[in-house]
Amino acid sequence: MNKLIATSLLVLSASVATASAPFGENFNDSTLRIDYVFGGGPDGVSIFVDNISKSAGWAGRRARLDHTLYPGNGSIEVKDPSTGKTLYKNTFSSLFQEWVLTPEAKTTPRSFENTFLVPLPKGEADICITLLDNRHQTVKSVTHRYDPKDELTEVKRESPYYKEYIHKGGDPKEAIDFAIVAEGYTAADKDLFLEDARRLANEILSYEPFASRKDRFNVVAVLSESNESGVSIPLENKWVDTAFSSHYSTFHSSRYLTAPDVKKMHDALTGVPYEHLIVLVNSDRYGGGGIFNSYLLSTTRNEHSLPVVVHEFGHSFGGLADEYYYVDEQDDTFPLDVEPWEPNITTRVDFASKWQDMVKPGTPLPTPTTDKGGNRAQKMSADKKRNQKDPVIGLYEGGGYKAKGVFRPVETCRMRDNYYPAFCPVCERALTRLIDFYTLPE
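Residues numbered from 1 in each chain as written. Predicted model: local features only at pLDDT ≥ 70, side-chain atom pairs only at ≥ 80, totals over all residues. Heavy atoms only, no water.

Here the focus is the nonpolar core. Membership of the largest hydrophobic core comes to 53 residues, with the highest contact counts inside it found for Y36 and F38. Excluding residues that lie within four positions of it along the chain, F38 makes contacts with S46, I47, F92, S94, F96, R110, S111, F112, N114, F116, I129 and L131. Of all hydrophobic cores here, the second largest spans 50 residues; its members include I180, I278, L280 and L395. (Core = buried A, V, L, I, M, F, W, Y, C linked by side-chain atoms within 4.5 Å. Buried < 20%, exposed > 50% of the residue type's maximum accessible area, 1.4 Å probe, protein only. Contact = heavy atoms within 4.5 Å.)

Attention now goes to the packing of aromatic side chains. For the coordinates displayed, the defined rule picks out 31 aromatic pairs. An angle of 65° between the planes, with centres 5.2 Å apart, marks the rings of Y185 and F193 as edge-to-face. A relative accessible area of 0% means that F193 is categorised as buried. Every member of this aromatic cluster is reached through a ring pair, and the members are F178, Y207, F210, F217, F313, F317, F423, F437 and Y438. Note that R62 overlies the ring of F23, its terminal NZ or CZ placed 4.6 Å from the centroid. Sitting over the ring of Y165, K168 keeps its end group 4.5 Å from the ring centre. (Phe/Tyr/Trp six-rings, centres within 6.5 Å; stacked < 30°, edge-to-face > 60°. Lys NZ or Arg CZ within 6 Å of the ring centre and 35° of its normal.)

Where helix α4 (residues 190–204) contacts helix α6 (residues 305–316), the axes come no closer than 9 Å and their chain directions differ by 60°. On the basis of their axis angle, the class for α4 and α6 is oblique. Crossing geometry of α4 relative to α6 is assigned as right-handed. From α4, R199, L200, E203 and I204 reach across to α6, where they touch L306, V309, V310 and F313. When grouped by side-chain class, the residues that make up the contact of α4 with α6 number six nonpolar, no polar and two charged. (Axes fitted to C-alpha atoms, helices over the stretch in contact; angles between N-to-C directions. Helix = DSSP H or I, 4+ residues; strand = E, 2+ residues; numbered from the N terminus. Parallel < 35°, antiparallel > 145°, perpendicular 65-115°, else oblique. Left-handed = near helix turned anticlockwise from the far one by under 90°. Nonpolar A, V, L, I, M, F, W, Y, C, P; charged D, E, K, R; others polar.)

Okay, the pattern of salt bridges next. Applying the stated criterion across every chain yields a total of 21 salt bridges. Taking the shortest distance from any N to any O, the salt bridge between R62 and D29 comes out at 2.6 Å. Of the two residues, R62 sits in the loop between β2 (44–56) and β3 (74–79) while D29 sits in strand β1 (residues 27–41), which places them 33 residues apart along the sequence. Residue D29 is classed as partly exposed on the basis of its relative accessible area, which comes to 35%. Note that D267 is salt-bridged to K156, the shortest N-O span being 3.1 Å. In this pair, D267 sits in helix α5 (residues 262–267) while K156 sits in the loop between β8 (154–155) and β9 (163–168), placing the two residues 111 residues apart along the sequence. Here the salt bridges do not stand alone but share partners, grouping R33, D35, E154, K156 and D267 into one network. (Salt bridge = Lys/Arg side-chain N within 4 Å of Asp/Glu carboxyl O.)

See below:
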């Protein structure tokens, strides 16, 4: 057995004390979709149920239903109302929770769309959604009842958009299913979109640990047509009529590209087996964004598009943190007296839960570094190329946007440098564990 897979199996066995009930005991082979509105501002945080719908087929995991591997910044659970037992659980992060940390949140109320998919319960079930702050404390939790007899639960019709598999690794019931939707592509841009989708999907699947596990992934491309080509650029007063209203300047960060119309994204995928979502934006401008178990946005024809999509995939699929930092700024995302949940950074509050077991005896901690830059998005030096296969794993100060107090595993990794051609061993192990969690039998 592959050593890394064997290690992952041990980790999964340790993290899951008892096997969850068989999928068919509590769930139909269908999907329950819940649309929420997360709102907040000076008066606190609110969660509202916007709509509940169902559709045929379930593409998510069928084992370890009541457990998760990485906590994220929130969770959604399906519970047995008579016992309170968790039947299914998934974790996530959201754009709303990023906004809560911005100055605007202290003065102005705002709301954000969020959509989550769970397997369709056979009987009544309680749906519990919880949001956490950056100290892992609950800021809001809402529970609502699902009644399978409720005639107001909408039955979604299959999306009319053209769809095509660009990579087929296995049965959707067993593989990890990614959907790539088009943003800023018109009906006339069909061939361009499919070409872009293949190119970016192939780039992701060329990296380990994905390359050696291609048979565990399916990728379907869906031409969600826009009325106009391109994307909105607020700094240039350019507003484009696109499928999901994507735009740069999210939170006034010129390169941060996000899409507010989350419900429309999922509408475009009704009837398509998917559990993870990639939005390809028809633009040659630098930018993107990735949010854990929510969605990934990437432009397609900028010179950095290929490395950016892999980096953002590390966020949206793997829950990996940014390993770069700002030399002259201190960010409040990661409090120094709390251990981050992300597997590739640490504040040393609980380093033993991270990659301490991968550090060779005698390695100094913290580990000295000659790299004094923050985000060194520069072409690789000869030394980087020479050392990429055997990096020294340690504790390198600087990561999670902070120059001091947050540590990363190696000097340079794909989660730090757009030009670094691999995930470091720590990130690769974290990604492998997640792939195994989704796909290995219980």
